[in-house]
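Notes for the structure review
Here's the letter readout for the chains.
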Amino acid sequence: MKKFISYILLTLVVVSCGTESGQFRIKGRLRSFNQGEFYVYSPDGGITDIDTIKVADGRFSYQTALDGEATFNIIFPNYTELVVFGKSGSTAEISGDASHLKEVEVKGNKANEDMTKFRLSISEKNPSETKKAAEEFIRNNPKSIVSYHLLRKYFITPREPDYSKAYELAKAMAEADKNNAQAVLLSKQLKNLTNIKLGNPLPSFKTKDINGKTVSLSNLNGKVNVINVWAGWSYESTSIQRELRKKKKEYGDKLQVVGICIDADTTSCKRTIRIDSLQWPTICDRLLWDSPTVTQLSINTVPGNIVADEKGKIIAINATKDKLKEIIDKQLKQKSKQDKKLK
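All figures in this text were calculated on a predicted structure; none of them were measured in a lab.

Brief notes about helix 3 (residues 127-140)
Look at helix 3: 20 Å from first C-alpha to last across 14 residues, which is about the 20 Å you get at 1.5 Å a residue. Every buried residue of helix 3 is accounted for by Thr130, Ala133, Ala134, Glu135, Phe137 and Ile138. Buried positions along helix 3 lie against helix 2 (110-121), helix 4 (145-156) and helix 5 (163-176). For helix 3, the capping residue at the N-terminal end is Asn126, with a side-chain oxygen 3.1 Å from the backbone nitrogen of Ser128.

This is how it looks when you write it as structure tokens:
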């Protein structure tokens, strides 16, 4: 009996001192924000959908199952995002003023402390200086999950990405840690990216869509063809998808679309497809960035897209929603005029 009581007491002490193994917790307090909610998502599969974090009296707490490490992005009401790095058995503590989000501190494990230090260090730097600081951090910390985040943020996802530098850094990360599957895969994708450029033909691919039907390059046989990369947690990508739905309704078979969903489960993907009434094939193999199709097409960002003409020649890469709309309208209206002249 004494042994049992001692065990219970020991368990209570362990639990009270931190987060249980297999769990990750985010908690904090923000001044200037008493009531409301944040949204949180994970771009690398820490959670499979968007979750809500409730705020009461400036305090909040969120807990989720987690094995290993993952990245969590918290979306504030003004759409500013704060990155938090999760680790099994740890708690991330957020503190600061909601009116000065750039100065908010995140503590609880080395990755969060490193990221907070980096974020505060670049607060007064211009974009060029910030990029140099990110490169320096990555080279000095090639095994850190923070480096993977900085690589995407400053070299891959900007409107003017630096793929050559990104490949160089991803290769260094992969060489520093052969077990870093993300870095190894990203290095391969960036190396292959030289084939995905304006004027080149769309690469061949073949896979199954979310309903088990075969999807391949032959599905893209319209006057304009779009491979659209999206995720349920990315507002911008789902907004682009809704614009494509409008254009598909307007132009019919002249516009062909294949969607690739980078969600970790098919349930949320199917829900989005149903709610948005999407009528084209969608690939969602639950492998995130490890998906063979993603690698084959050298996709490395969400939102992302590849646009090709009727001959399969690439005419745009990662176009914004407005730019995509402009390209589709221009191509199909121009083609319509040409067809009328031939008649």
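Overview of helix 7 (residues 235-251)
An α-helical turn contains 3.6 residues, so a residue and the one three or four places further along point in the same direction. The first and last C-alpha atoms of helix 7 sit 24 Å apart over 17 residues, in line with the 24 Å expected at 1.5 Å per residue. Considered for burial, the residues of helix 7 that qualify are Ser237, Thr238, Ile240, Gln241, Glu243, Leu244, Lys247, Lys248 and Tyr251. One or two steps after helix 7, the chain reaches Gly252, where phi turns positive at roughly 60°.

Focus on the environment of Gly86
The residue Gly86 is located in strand 6 (residues 81-87) in this model. For the pair formed by Gly86 and Thr71, sequence separation is 15 residues and the distance between their alpha carbons is 6.0 Å. Ignoring sequence-local partners within four residues, the contact set of Gly86 consists of Phe24, Leu66, Gly68, Glu69, Ala70 and Phe72.

Thresholds, definitions, all that
Residues numbered from 1 in each chain as written. Predicted model: local features only at pLDDT ≥ 70, side-chain atom pairs only at ≥ 80, totals over all residues. Heavy atoms only, no water. Helix = DSSP H or I, 4+ residues; strand = E, 2+ residues; numbered from the N terminus. Expected span 1.5 Å × (residues − 1). Buried < 20%, exposed > 50% of the residue type's maximum accessible area, 1.4 Å probe, protein only. Contact = heavy atoms within 4.5 Å. Polar contact = N/O pair within 3.5 Å; in protein donor to acceptor, adjacent residues only side chain to side chain.

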